[in-house]
Amino acid sequence: MGKLIEEFDAYRTKMNDRITETANTNIKRFFALDTTSYAEGALDVKTKEMLGLVASMVLRCDDCIKYHLGKCFEAGVKHDEMNEVFMIANLVGGSIVIPHYRRAVEYWDELNEVK
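Residues numbered from 1 in each chain as written. Predicted model: local features only at pLDDT ≥ 70, side-chain atom pairs only at ≥ 80, totals over all residues. Heavy atoms only, no water.

Comments concerning the overall build of the protein chain
Helix and strand counts for the protein chain come out as 6 helices and 0 strands. Along the protein chain, helices and strands appear, N-terminal first, in the series α-α-α-α-α-α. Compactness check: the protein chain gives a C-alpha radius of gyration of 15 Å against a globular reference of 13 Å for 115 residues, within 12% of the reference. In the protein chain, buried positions account for 27% of the 115 residues. (Helix = DSSP H or I, 4+ residues; strand = E, 2+ residues; numbered from the N terminus. Rg over C-alpha atoms; globule rule 2.2 N^0.38 Å. Buried < 20%, exposed > 50% of the residue type's maximum accessible area, 1.4 Å probe, protein only.)

The following block contains the structure:
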């Protein structure tokens, strides 16, 4: 596993554990809602993760982008599909998405080195 992935996964796990130690009921419900929203339903998991990635790129949340890139990778998103996801995110978000696009490509490349 690459350095970017290891660092992101370790930090996310550490801080999620810390948050859930003291989280109130509403925060715990929010985390549960986030998890269940991406479960298989009328839309498959792969589609939901690609939608989540586009939204994360448009909102310019690098942590969310990394998370959804990992989930897209796990769901079997192919390079050509990912390029279309990136295209839509840049189209909707505009040029301000480009720095996040660069980092997303770097992270996606690292995910694919694992294969």
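Okay, back to it.
Structural notes on the nonpolar core
L53, M57, L69, C72, M82, F86 and W108 are the most contacted members of the largest nonpolar core, which has 19 residues in total. For this core, the secondary-structure elements that each account for two or more residues are α1 (3–22), α3 (45–59), α4 (62–74), α5 (79–93) and α6 (98–113). Sequence-distant contacts of L53, defined by excluding residues within four places in its chain, comprise I65, H68, L69, C72, M82, V85 and F86. (Core = buried A, V, L, I, M, F, W, Y, C linked by side-chain atoms within 4.5 Å. Contact = heavy atoms within 4.5 Å.)

Some remarks on the pattern of salt bridges
In total, this model carries 5 salt bridges according to the counting rule given. R18 serves as the salt-bridge partner of E21, at 3.4 Å between the closest nitrogen and oxygen. Taken together, the residues E21 and R18, both in helix α1 and 3 residues apart, mark about one turn of the helix. Its relative accessible area of 42% is what places R18 among the partly exposed residues. K71 serves as the salt-bridge partner of E74, at 3.5 Å between the closest nitrogen and oxygen. A residue pair is termed a helical-turn pair when its members lie 3 or 4 positions apart in one helix, as E74 and K71 do in helix α4 at 3 residues. (Salt bridge = Lys/Arg side-chain N within 4 Å of Asp/Glu carboxyl O.)

What about the environment of T22?
Relative to the helices and strands, T22 resides in helix α1. Considered as a pair, T22 and A39 are 17 residues apart in the sequence and their alpha carbons are 26 Å apart.

Observations concerning the UniProt feature "domain: Carboxymuconolactone decarboxylase-like" (unreviewed entry) in the protein chain
Within this structure's numbering, the places UniProt gives as "domain: Carboxymuconolactone decarboxylase-like" (unreviewed entry) are residues 28–106. Within the segment residues 28–106, helix and strand shares are 78% and 0% respectively, and the terminal C-alpha atoms sit 32 Å apart. (UniProt positions renumbered as here; feature names shortened; annotations may be inferred.)

Comments concerning the side chain of N112
By the secondary structure assignment, N112 is in helix α6. Here the side chain of N112 touches W108 through a polar contact of 2.8 Å, landing on its backbone oxygen. Ignoring sequence-local partners within four residues, the contact set of N112 consists of F73 and H79. (Polar contact = N/O pair within 3.5 Å; in protein donor to acceptor, adjacent residues only side chain to side chain.)

Considerations on the packing of α3 against α4
Between α3 and α4, the least distance of the axes is 9 Å, while the angle of their chain directions is 160°. Accordingly, the angle class assigned to the pair α3 and α4 is roughly antiparallel. Here α3 and α4 pass one another in a crossing that is left-handed. Mapping the contact onto sequence places E49, M50, G52, L53, S56 and M57 in α3 and C64, I65, H68, L69, K71 and C72 in α4. By residue class, the composition of the contact of α3 with α4 is 7 nonpolar, 3 polar and 2 charged. (Axes fitted to C-alpha atoms, helices over the stretch in contact; angles between N-to-C directions. Parallel < 35°, antiparallel > 145°, perpendicular 65-115°, else oblique. Left-handed = near helix turned anticlockwise from the far one by under 90°. Nonpolar A, V, L, I, M, F, W, Y, C, P; charged D, E, K, R; others polar.)

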